[in-house]
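What follows is the residue order along each chain.
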Amino acid sequence: MTDEIPASQISHAPLAGVIGMPIAHSRSPRVHGHWLKRYGLAGHYVPIPVMPEHLAEVLRVLPRAGFVGANVTIPHKEAVLTLADTVTDRAALIGAANTLIFRADGKIHADNTDGYGFIANLRQSAPDWRPEAGPAAVIGAGGAARAVVASLLDSGVKELRITNRTRLRAEQIKAEFGARLVVYDWAQAGNMLEGATTVVNATSLGMDGKQPLRVPLDALSPDALVTDLVYTPLMTPLLTEAQARGCRVVDGLGMLLHQAAPGFERWFGHRPEVDDEIRRVVLE
Ligand code: NAP
C-alpha cells in the first residue's frame, strides 16, 4: 500500500476514535489514551457517538477532519462493510468489521481483529494451549462467536462444536464455516463439553446485570481451557465454576486489549504491549 502516508509523516497529531451508539461506556478511549501517553506519541483517540442513519456521512467526513482510522462497535459493525472500499477476507468471512483505516487516497479499509485478539489472549495467558489437542466448544452464535469460530478454525481446531439459544444462528455459522462444525441443541449444551479441550462462552450471559450462563459442567474435563468473552466481571460465574473444577481459565479482558493493538499500531505507528499495566488502567 504505497499510497498511504505513514502516521509519523502526518503534519498534525493523528486522530482516531471509536464509532458506536451508545458509546459512553466504551473502554477503548482509556486503552488508546493510555498507550499514547505511555509511548509518548502525538495523537488523540475519542468516543464518536453516531446514529445508524448518519454512519455513511460521518465516514465520509472523518478522514477530511484529520482522522486516520476508527474502531467500530455496536450497532455499526456489519453496516461498515457495505461502506468500506476494501474489506479483508477475515472481516468478510465474519460479516463484521471492528477496525477501519482511512487511507491517504481517501479509501476506507475495513478489518476485523476480534478473532486475532481472542487467539492472542489465549496464547499469552496459556502459552501451552494447543487448539488442535481436542474439540472446541463454543457457546453462542452472535457476531463475536463468528470471529471466535473463524479464528479457532484458522488455528487448527479439528472439531468445533457450537450451540446457541436460537439454533438457526448456529446452523448458519455451520453452513458458512463448514464441515468441521457440529451443531448441538441448546438443551444439550452440557453434553457438548464432553472431551472438549477448549470451551468458550461467546454469549452475553454472565455479564454484570445479566443472568449467568446455566450450562451443566459435569462433563467438563479438568484438562480443558475455559474462556469467557464477557469481562465484566472478570471472573464470570462460568470461569469461577470451571476453575473450581480444576480447569485453566482465561478472562475476556485480554481479548479486548489484544484486538485494539493492530489498529493502534496502524494509526499511531507503534505496536503497544498488552501487559498488567494496561489491564490495571482499564480496570480502574
Ligand atoms: P450478539 O451478536 O448480540 O450475540 C449475543 C449472543 O448471546 C447470542 O448468541 C445470543 O443468543 C446470546 N444470548 C443473549 N442473551 C441470551 C439469553 N438470555 N439466553 C441465551 N443466550 C443469550 O453479541 P456479540 O457481539 O456476539 O457479543 C457477545 C458477548 O461477547 C457480549 O457480552 C460482548 O460484550 C462480548 N464481547 C467481548 C469481546 C472482548 O474483547 N472480550 C469482544 C466482542 C464481544 P441468541 O442468538 O439466541 O439471541
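Preceding block: the structure.
The following refers to the structure shown. As the structure is a prediction and not an experimental result, all values here were calculated from the model. By convention here, each chain's residues receive numbers from 1 onward along its written sequence. Only residues with pLDDT of at least 70 are given local features in this predicted model, and only at 80 or more are side-chain atom pairs given and counted; all residues enter the totals for whole chains, interfaces and linings. To obtain the side-chain values, all non-hydrogen atoms of the structure were included, while hydrogens and water were left out.

**A look at the overall build of the protein chain**
So, point 1. Helix numbers and strand numbers start at the N terminus; a helix is a DSSP run of H or I with at least 4 residues, a strand a run of E with at least 2. Of the regular secondary structure elements, the protein chain holds eleven helices and twelve strands.
So, point 2. In this setup the radius of gyration rests on C-alpha atoms only. A globule is expected at 2.2 Å times the number of residues raised to 0.38. Computed over the C-alpha atoms, the radius of gyration of the protein chain is 19 Å, within 12% of the 19 Å expected from 2.2 N^0.38 for a compact globule of 284 residues.
So, point 3. Structurally, the protein chain occupies a C-alpha span of about 60 × 40 × 35 Å along its principal axes.
So, point 4. Residues counted as buried form 50% of the 284 residues belonging to the protein chain.
So, point 5. For this analysis, residues touch if any pair of their heavy atoms sits within 4.5 Å. For the protein chain, the proportion of contacts with a sequence separation of at least 24, taken over those separated by at least 6, is 66%.
So, point 6. Under this rule, positive means Lys or Arg and negative means Asp or Glu; His and the chain ends count for nothing. Here the site of a charge means NZ on Lys, CZ on Arg, CG on Asp, or CD on Glu. Taking the average location of the 28 positive side-chain charges in the protein chain and that of its 30 negative ones, the two points are 1 Å from each other. Exposure categories follow from relative accessible area, calculated using a 1.4 Å probe and restricted to protein chains: below 20% of the type maximum is buried, above 50% is exposed, and the middle band is partly exposed.

**Focus on the sheet that holds strand β10 (residues 198-201)**
So, point 1. The six strands lie next to each other as β9-β8-β7-β10-β11-β12, forming an open sheet whose pairing is parallel. The open sheet terminates on both sides in strands that have one partner only, identified here as β9 (181-184) and β12 (248-250). Ignoring strand direction, the axes of neighbouring strands in this sheet form an average angle of 20°.
So, point 2. Two strands qualify as a pair provided DSSP detects at least 2 bridges between them. As defined by bridge partners, strand β7 (residues 136-139) adjoins β10 across four bridges and the pair is classed as parallel. In the strand pairing of β10, valine 138 is matched with valine 200.
So, point 3. Relative to β9, helix α7 (residues 167-177) is tilted by about 170°, and along the sheet it contacts β8 (160-163) and β9. A fitted line through C-alpha atoms serves as each axis, taken over the contacting stretch for helices, and the angle formed by two N-to-C directions is quoted from 0 to 180°.

**Thoughts on the pattern of salt bridges**
So, point 1. What makes a salt bridge here is a side-chain nitrogen of Lys or Arg within 4 Å of a carboxyl oxygen of Asp or Glu, nothing more. Taken as a whole and assessed by the stated rule, the structure comprises 14 salt bridges.
So, point 2. Note that lysine 77 and aspartate 114 form a salt bridge whose closest N and O atoms lie 3.0 Å from each other. Placement of lysine 77 in the loop between β3 (67-72) and α3 (79-83) and of aspartate 114 in helix α5 (residues 114-125) is noted, with a sequence separation of 37 residues between them.
So, point 3. Owing to a relative accessible area of 9%, aspartate 114 belongs among the buried residues under this scheme.
So, point 4. Between glutamate 241 and arginine 245 there is a salt bridge, with the nearest N and O atoms lying 3.6 Å from each other.
So, point 5. Overall, the relative accessible area of 31% leaves arginine 245 in the partly exposed class.
So, point 6. When salt bridges with common partners are traced through the structure, they connect Arg38, Asp275 and Glu277 into a single cluster.

**Notes on the site of the ligand**
So, point 1. The full set close to the ligand counts 21 residues, and Ala144, Asn164, Thr166, Arg169 and Met207 are the nearest of them.
So, point 2. By the criterion applied in these results, polar contacts are pairs of N or O atoms within 3.5 Å in which, for protein atoms, one can donate a hydrogen and the other can accept it, and in which residues neighboring in sequence qualify only through two side-chain atoms. Take glycine 252: an N or O atom from its main chain is 3.0 Å from a nitrogen atom of the ligand.
So, point 3. Taking 920 Å² as the accessible area of the ligand by itself, protein coverage stands at 78%.
So, point 4. Secondary structure elements with two or more residues in the shell around the ligand: α6 (143-154) and α10 (253-268).
So, point 5. Ten residues, namely Ala, Val, Leu, Ile, Met, Phe, Trp, Tyr, Cys and Pro, are considered nonpolar, four, namely Asp, Glu, Lys and Arg, are considered charged, and the remaining ones, Gly among them, are considered polar. Split into classes, the residues belonging to the shell around the ligand amount to eleven nonpolar, eight polar and two charged. Consider each residue's heavy atoms; a residue with any of them within 4 Å of a molecule or strand counts as near. Areas reported as accessible are Shrake-Rupley estimates using a 1.4 Å probe. Residue values count occlusion only from the protein chains shown.

**Some words on the pairing of strand β2 (residues 44-49)**
A regular strand places its side chains so that they alternate between the two faces of the sheet.
So, point 1. Where strand β1 (residues 15-20) lies against β2, six bridges are found, and the strand directions are parallel. Note that in β2 the partner of leucine 15 across the bridge is histidine 44.

**As for the nonpolar core**
So, point 1. Counting residues in each nonpolar core, the largest one holds 31 residues, and the members touching the most others are Phe118, Val138, Val149, Leu152, Leu160, Ile162 and Leu181.
So, point 2. Elements with a contribution of two residues or more to this core: α5, β7, α6, β8, α7 and β9.
So, point 3. A per-element tally of this core places α6 first, with seven residues.
So, point 4. In contact with leucine 160, other than residues within four places in its own chain, are Ala136, Val138, Val149, Leu152, Leu153, Arg180, Leu181 and Val182. By nonpolar core we mean a set of buried residues, namely Ala, Val, Leu, Ile, Met, Phe, Trp, Tyr and Cys, connected to one another through side-chain atoms within 4.5 Å.

**Some words on the pairing of strand β5 (residues 99-102)**
So, point 1. Here β5 shows no split at all, with Thr99 and Ile101 on one side and Leu100 and Phe102 on the other all buried.
So, point 2. The sheet contact formed by β3 and β5 spans three bridges and is antiparallel. Bridge pairing in β5 places alanine 70 opposite leucine 100.
So, point 3. Count of turn residues in the β5/strand β6 (residues 108-111) antiparallel hairpin: five residues, of which glycine 106 carries a positive phi of about 90°.

**Focus: unusual backbone geometry**
For residues other than glycine, phi is negative in most cases, and the peptide bonds are mostly trans.
So, point 1. In this structure, the amide linkage connecting methionine 21 to the following residue, proline 22, adopts the cis form with an omega of 0°.
So, point 2. Backbone torsion omega between isoleucine 74 and proline 75 reads 10°, so that peptide bond is classified as cis.
So, point 3. Considering the arrangement of structural elements, one finds proline 75 in the loop between β3 and α3.

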